[in-house]
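The residues making up each chain are set out below.
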Amino acid sequence: MSDTFVYTDMNGFVTEHHSGHKTADSKVMMLKVLVGVLCAVLAVEVVLYTVIIPSLVPVKISFSGLQQYTSEELVRILNVSSDDTWIRFDTAAAASALATCAAIESVSVEKRFPDTVFVSVTERIPVATTLIEADGRTLPVQIDKNGVLFSAKAGTSVAQLPLVTGLPVEQYADGMRLHSKYRALMQQLAALETLPQKYLTAVSEIHIEPKEYGNYELVLYPTYSKTRVLTDRTLNEDALQYMIVVLDVVNSIEPDIAEIDLRYGSVSFRTAASAF
């Protein structure tokens, strides 16, 4: 604010002019209006983000960890409609619905303010496949490293997975577990599939041969040979390397080999003409 003092000789008076008062008052008024507008905008945003968006805007769902499933498939499982809002979304019910899918190992559901739900899914990774008789049909069923059986999704190729036959599955149910004694085999298969050398491609079928007292042995059917291989329950990198070497050596000596026995620490074989 600036004040002007003027002295006049004629009247001997000093007059004071306060021309800056009006300018200062207008600036204060504008500042008050601006603060009021900002407060009003802030209040609107608070109401918008705390009441309107969570209560009226359709919820947004973000998925992560999907491999075989698509987000559209999981939305259908969750039964989410366009009318569902963030505040009405039930995380416990959503997690429970997704947990019923046998191909899903674990799931977590988290609501993040103001309108998004994050769903993190861990799908089961198949390490083998088997064939199950159900309703007069033969169905391919996948098995994970923990021995959980789950149906292959439509359009999913199981040709690259080792086929395991002879599993005692009498009454199949999606999500059931194999007996604990067979889980070691599934864990061995999972370990083999992590190796850079794809040894399992040399085996087209792994058959479980039951023995007395609940034990079992394995019968391996090589991919590029008609000779079957008898072995014990240990199936690892060394065992498959040994099988491949023995197959090459024995077939070079006698091409008409039907069976090679690698059990008991020795190698024996039988020709097709021999009686088993």
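Refer to the structure above for everything that follows.
Quick caveat, the model's predicted, so the values are computed rather than measured. (Residues numbered from 1 in each chain as written. Predicted model: local features only at pLDDT ≥ 70, side-chain atom pairs only at ≥ 80, totals over all residues. Heavy atoms only, no water.)

1. Details of the overall build of the protein
Part 1 of the argument: Secondary structure assignment for the protein yields 5 helices and 14 strands.
Part 2 of the argument: By the burial criterion, 32% of the 276 residues in the protein qualify as buried.
Part 3 of the argument: Counting contacts in the protein only where the partners sit at least 6 residues apart, residues at least 24 apart contribute 47% of the total.
Part 4 of the argument: Roughly 17,100 Å² of accessible area belongs to the protein as shown, and the carbon and sulfur atoms make up 56% of that amount. (Helix = DSSP H or I, 4+ residues; strand = E, 2+ residues; numbered from the N terminus. Buried < 20%, exposed > 50% of the residue type's maximum accessible area, 1.4 Å probe, protein only. Contact = heavy atoms within 4.5 Å. Areas by Shrake-Rupley, 256 points an atom, 1.4 Å probe, with all protein chains shown as cover.)

2. What about the packing of aromatic side chains?
Part 1 of the argument: Tallying each qualifying case throughout the model produces 2 aromatic pairs.
Part 2 of the argument: An angle of 85 degrees between the planes, with centres 5.6 Å apart, marks the rings of Trp 86 and Phe 113 as edge-to-face. On the criterion of sequence distance, the pair formed by Trp 86 in the loop between α2 (71-78) and α3 (91-99) and Phe 113 in the loop between β4 (104-112) and β5 (116-123) is long-range, its members being 27 residues apart.
Part 3 of the argument: Just above the ring of Trp 86 sits the side chain of Lys 111; from NZ or CZ to the centre is 4.5 Å. (Phe/Tyr/Trp six-rings, centres within 6.5 Å; stacked < 30°, edge-to-face > 60°. Lys NZ or Arg CZ within 6 Å of the ring centre and 35° of its normal.)

3. Quick look at the pairing of β4
Part 1 of the argument: Bridge analysis of β4 against β5 gives 8 bridges, and the strand direction is antiparallel. Along β5, the bridge assignment pairs Lys 111 with Val 117. (Pairing = 2+ DSSP bridges.)

4. Examining the environment of Ile 132
Part 1 of the argument: The residue Ile 132 is located in strand β6 (residues 126-134) in this model.
Part 2 of the argument: Judged by its relative accessible area of 5%, Ile 132 falls in the buried class.
Part 3 of the argument: Remark: the alpha-carbon pair of Ile 132 and Tyr 172, spanning 40 residues in sequence, is separated by 7.4 Å.
Part 4 of the argument: Once residues lying within four places of it in the same chain are set aside, the contact partners of Ile 132 are Arg 137, Thr 138, Leu 139, Val 141, Leu 149, Val 169 and Tyr 172.

5. Overview of the packing of α2 against α3
Part 1 of the argument: One can describe the packing of α2 onto α3 by two numbers: an axis separation of 9 Å at closest approach and a directional angle of 115 degrees. In terms of orientation, α2 lies roughly perpendicular with respect to α3. Judged by the twist between their axes, the crossing of α2 over α3 is right-handed. Contacts between α2 and α3 pair Leu 74, Ile 77 and Leu 78 from the former with Ala 94, Ala 97 and Leu 98 from the latter.
Part 2 of the argument: The class makeup of the residues in the contact of α2 with α3 is 6 nonpolar, no polar and no charged. (Axes fitted to C-alpha atoms, helices over the stretch in contact; angles between N-to-C directions. Parallel < 35°, antiparallel > 145°, perpendicular 65-115°, else oblique. Left-handed = near helix turned anticlockwise from the far one by under 90°. Nonpolar A, V, L, I, M, F, W, Y, C, P; charged D, E, K, R; others polar.)

6. Some words on the environment of Lys 111
Part 1 of the argument: For Lys 111, the position within the fold is in strand β4.
Part 2 of the argument: Apart from the residues lying within four places of it in its own chain, the contact partners of Lys 111 are Trp 86, Ile 87, Phe 89, Thr 91, Thr 116 and Val 117.
Part 3 of the argument: A distance of 2.8 Å separates the side chain of Lys 111 from the backbone oxygen of Trp 86, its partner in a polar contact.
Part 4 of the argument: Reaching out from Lys 111, the side chain makes a polar contact with the backbone oxygen of Phe 89 at a distance of 3.2 Å. (Polar contact = N/O pair within 3.5 Å; in protein donor to acceptor, adjacent residues only side chain to side chain.)

7. Some details on the pattern of salt bridges
Part 1 of the argument: Tallied over the full model, the rule gives 7 salt bridges.
Part 2 of the argument: Arg 228 is the partner of Glu 259 in a salt bridge, and the nearest nitrogen-oxygen pair spans 2.7 Å. Of this pair, Glu 259 sits in strand β13 (residues 257-261) while Arg 228 sits in strand β12 (residues 228-231), and the two are 31 residues apart along the sequence.
Part 3 of the argument: For Glu 259, a relative accessible area of 5% corresponds to the buried category.
Part 4 of the argument: Taken together, the salt bridges that share partners define one network made up of Lys 211, Glu 217, Asp 261 and Arg 263. (Salt bridge = Lys/Arg side-chain N within 4 Å of Asp/Glu carboxyl O.)

8. Considering the nonpolar core
Part 1 of the argument: In terms of nonpolar packing, the biggest core is built from 36 residues, with Val 164, Met 186, Leu 189, Leu 220, Leu 235 and Leu 240 touching the most fellow members.
Part 2 of the argument: Of all the elements, helix α4 (residues 180-193) adds the most residues to this core, at 6 residues.
Part 3 of the argument: Dropping the residues within four chain positions of it, Val 164 is found in contact with Ala 128, Thr 129, Thr 130, Leu 185, Met 186, Leu 189, Ile 206 and Ile 208.
Part 4 of the argument: Counting 18 residues, the second-largest nonpolar core is a separate cluster that includes Ala 94, Val 117, Val 121 and Phe 150. (Core = buried A, V, L, I, M, F, W, Y, C linked by side-chain atoms within 4.5 Å.)

9. Section: a nonpolar patch on the surface
Part 1 of the argument: Side chains of Leu 31, Leu 34 and Leu 38 sit close together on the surface and give an oily, nonpolar patch of about 310 Å² of accessible area.
Part 2 of the argument: Relative to the assigned elements, Leu 34 resides in helix α1 (residues 20-56).
Part 3 of the argument: Residue Leu 34 is classed as partly exposed on the basis of its relative accessible area, which comes to 48%. (Patch = residues over 30% accessible without salt bridge, like charges linked within 9 Å, V, L, I, M, F, W, Y side chains within 5 Å.)

10. As for unusual backbone geometry
Part 1 of the argument: At the junction of Phe 113 and Pro 114, the peptide bond is cis and its omega measures out at 5 degrees in the coordinates.
Part 2 of the argument: Note on placement: Pro 114 falls in the loop between β4 and β5.
Part 3 of the argument: At Asn 79, a residue that is not glycine, the phi angle is positive and equals roughly 60 degrees.
Part 4 of the argument: Mapped onto the secondary structure, Asn 79 falls in the loop between α2 and α3.

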